[in-house]
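Structure assessment
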Amino acid sequence: MQTILKGKTREVIIDTYGPVIIIGESINPTRRKKLVSTLQENDFSLVLELAGSQIKAGADVLDVNVGFPGVDDVKLLPETVKELQDHFDVPLCLDSPNPHAVEAALKVSAGKCLINSVNGEEKSLNALLPVAKEYGAAIIGLCMDDDGITHDPEKRLAIAGKIIERALRAGIKEEDVVIDPLAMAVSADPNACLVTLETIKLVHQKLGHNITHGASNISFGLPDRESLNAAFMALAIYNGLTCPIANPEKITAAVRAADLVLGRDDFALRFVEYFQSRQPQ
Ligand code: THG
């Protein structure tokens with residue numbers, strides 16, 4: 001199955017058999033105080049700098065999250081989208097819990113975005129599926145619903161199935177639903193990563209949809225997050241993860257390595273090219 005996203009002109013194809021597409025996570029004010037202060041002053045220089053460095057480091061799509069306390073995201077999200085699209089041609093992933101902000105951003109956006117995210121709650125489905133249909137956007141479906149978050153992979157699979165079914169009924173194409181199995185901190189729950197891996201495997205084998213997750217979530221609260229994220233990334237890709245939301249400056253090498261060992265990089269061309277691009281001039 002292929003999910004196609006678009007920037008102003010550039011198309012990015014996310015294929016369930018890879019190679020992996022990286023959604024850059026860094027335009028996100030969580031723990032980036034400077035991003036909050038610059039955005040509050042309508043200064044987009046840091047956003048543009050983060051966009052450029054992530055693309056250079058291997059991001060194919062950019063996650064755009066401008067949520068912080070007190071923000072008017074119905075105004076700020078579309079402004080940020082316009083700024084990004086004036087300078088870059090990558091497709092965008094609109095990361096906001098506010099359906100009005102997502103709709104406002106879709107209104108000004110060129111190409112085909114990914115809405116981040118819809119979940120199995122009735123309120124979420126009812127608010128966002130019609131918007132995705134109207135603007136021709138793809139959606140990320142989070143495996144949680146009105147009962148909250150379950151730790152049973154079969155139940156997460158069932159929620160994914162429900163979101164897909166509801167999306168189809170709303171007129172959204174099957175391939176435009178990307179599933180997020182939920183990735184959570186392993187420091188808080190020793191089984192958290194196993195539950196995610198098992199859900200990825202089930203969604204890949206039984207539904208065949210593209211799969212994303214916040215790849216850095218798992219290492220919150222631990223040292224050497226980079227090693228932990230890289231180990232988990234390889235296992236998740238083997239099981240069916242196709243478009244992680246991650247920090248490309250830290251994860252692209254591991255992603256290229258995983259694609260290579262999984263037979264998706266003939267003659268190691270992309271692996272070697274990435275290695276060379278990272279050598280000091
Ligand atoms: N699923 C979906 N969307 C998501 C998430 C998800 N969006 C938000 C989040 N989770 C993914 N994005 C981030 C962004 C930043 C970090 C983690 C997840 C992060 N940042 C470093 C930190 O906090 O220390 C900043 C430093 C760095 O660049 O490494 O960890 O799960 N659908």
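Figured I'd write up the structure that's included with this text. (Residues numbered from 1 in each chain as written. Predicted model: local features only at pLDDT ≥ 70, side-chain atom pairs only at ≥ 80, totals over all residues. Heavy atoms only, no water.)

Moving on, we come to the overall build of the protein chain. Along its length, the protein chain carries 10 helices and nine strands. Each principal axis of the C-alpha atoms in the protein chain carries an extent, and together these give about 50 × 45 × 35 Å. Taken over 281 residues, the protein chain has a buried fraction of 53%. Put simply, 70% of the contacts in the protein chain that link residues at least 6 apart link residues at least 24 apart. When the accessible area of the protein chain is evaluated, it comes to approximately 12,800 Å², of which 54% is carbon and sulfur surface. Distance between charge centres in the protein chain, computed from 28 positive and 38 negative side chains, equals 1 Å. (Helix = DSSP H or I, 4+ residues; strand = E, 2+ residues; numbered from the N terminus. Buried < 20%, exposed > 50% of the residue type's maximum accessible area, 1.4 Å probe, protein only. Contact = heavy atoms within 4.5 Å. Areas by Shrake-Rupley, 256 points an atom, 1.4 Å probe, with all protein chains shown as cover. Lys, Arg positive; Asp, Glu negative; His and termini not counted. Charge placed at Lys NZ, Arg CZ, Asp CG, Glu CD.)

Side chains of a nonpolar character, in soluble globular proteins, are inclined to be buried together. Residues Leu84 and Leu92 are the most contacted members of the largest nonpolar core, which totals 66 residues. If one sorts the elements of this core by residue count, helix H6 (residues 153–169) sits on top with six residues. Apart from residues no more than four positions distant in its own chain, Leu92 is found in contact with Val61, Leu62, Val64, Val81, Leu84, Gln85, Cys113 and Leu114. One finds Ile14, Ile23, Cys93 and Ile140 within the second-largest nonpolar core, a separate group that totals 13 residues. (Core = buried A, V, L, I, M, F, W, Y, C linked by side-chain atoms within 4.5 Å.)

Here we come to the site of the ligand. If you check the shell around the ligand, you find 17 residues, and the closest are Asp95, Asn116, Asp180, Asn217 and Asn247. Between the ligand and Asp180, the relevant distance is 2.6 Å, taken from a nitrogen atom to a side-chain nitrogen or oxygen of the residue. If the ligand stood free it would expose 670 Å²; the protein chains cover 80% of that surface. (Near = heavy atom within 4 Å. Polar contact = N/O pair within 3.5 Å; in protein donor to acceptor, adjacent residues only side chain to side chain.)

Bringing the sheet that holds strand S3 (residues 23–27) into the picture now. Strand order in the open sheet made by the seven strands is S8-S7-S6-S5-S4-S3-S9, with parallel pairing throughout. On the outer flanks of this sheet lie strand S8 (177–180) and strand S9 (245–246), each paired with one strand and no other. Looking at chain direction, S3 and strand S4 (residues 61–64) are connected through three bridges and run parallel. Note that in S4 the partner of Ile27 across the bridge is Val64. Across the face of the sheet, helix H5 (residues 122–135) comes into contact with strand S6 (114–119) and strand S7 (138–142) while running at roughly 155 degrees to S6. (Pairing = 2+ DSSP bridges. Axes fitted to C-alpha atoms, helices over the stretch in contact; angles between N-to-C directions.)

Residues Tyr238, Val261 and Leu262 make up a contiguous nonpolar surface patch of about 350 Å² in total accessible area. Among the structural elements, Tyr238 can be located in helix H8 (residues 225–239). Looking at Tyr238, the relative accessible area reads 63%, which means it is exposed. (Patch = residues over 30% accessible without salt bridge, like charges linked within 9 Å, V, L, I, M, F, W, Y side chains within 5 Å. Salt bridge = Lys/Arg side-chain N within 4 Å of Asp/Glu carboxyl O.)

Further remarks concern H6. Spanning 17 residues, H6 covers 24 Å between terminal C-alpha atoms, matching the ideal 24 Å at 1.5 Å per step. Within H6 the residues assigned to the buried category are Pro153, Arg156, Leu157, Ile159, Ala160, Ile163, Ile164, Arg166 and Ala167. Close packing links the buried residues of H6 with S6, H5, S7, S8 and helix H7 (192–207). For H6, the side-chain oxygen to backbone nitrogen distance between the N-cap and Glu154 is 2.9 Å, and the N-cap itself is Asp152. One or two positions beyond H6, positive phi appears at Gly171, with a value near 95 degrees. (Expected span 1.5 Å × (residues − 1).)

This brings us to the packing of helix H9 (residues 248–261) against helix H10 (residues 269–277). It is at 8 Å that the axes of H9 and H10 come closest, and there the two elements cross at 155 degrees. Compared by their axis directions, H9 and H10 come out roughly antiparallel. As H9 packs across H10, the resulting crossing turns out to be left-handed. Facing H9, whose interface residues are Pro248, Thr252, Ala253, Arg256, Ala257, Asp259 and Leu260, H10 presents Arg270, Phe271 and Tyr274. Taken together, the residues of the contact of H9 with H10 sort by class into six nonpolar, one polar and three charged. (Parallel < 35°, antiparallel > 145°, perpendicular 65-115°, else oblique. Left-handed = near helix turned anticlockwise from the far one by under 90°. Nonpolar A, V, L, I, M, F, W, Y, C, P; charged D, E, K, R; others polar.)

Counted according to the given criterion, the structure contains eight salt bridges. The shortest N-O distance in the salt bridge between Lys201 and Glu198 comes to 4.0 Å. Residue Lys201 and its partner Glu198 are both found in helix H7; the two are separated by three residues, about one turn of the helix. Under the relative-accessibility criterion, Lys201 is labelled partly exposed at 32%. Among the salt bridges present, the one from Arg270 reaches Asp259, with a minimum N-O distance of 3.9 Å. Highlighted residues: Arg270 in helix H10 and Asp259 in helix H9, separated in sequence by 11 residues.

Side-chain alternation along S4 places Val61 and Asp63 on one buried face and Leu62 and Val64 on a second face that is also buried. As paired elements, S4 and strand S5 (residues 92–95) share three bridges and run parallel to each other. Each bridged residue has a counterpart across the sheet, and for Asp63 the counterpart in S5 is Cys93. Following the chain from S4 across helix H3 (residues 73–87) to the adjacent parallel S5, one finds a crossover that is right-handed. (Right-handed = clockwise from strand over helix to strand, strands pointing away.)

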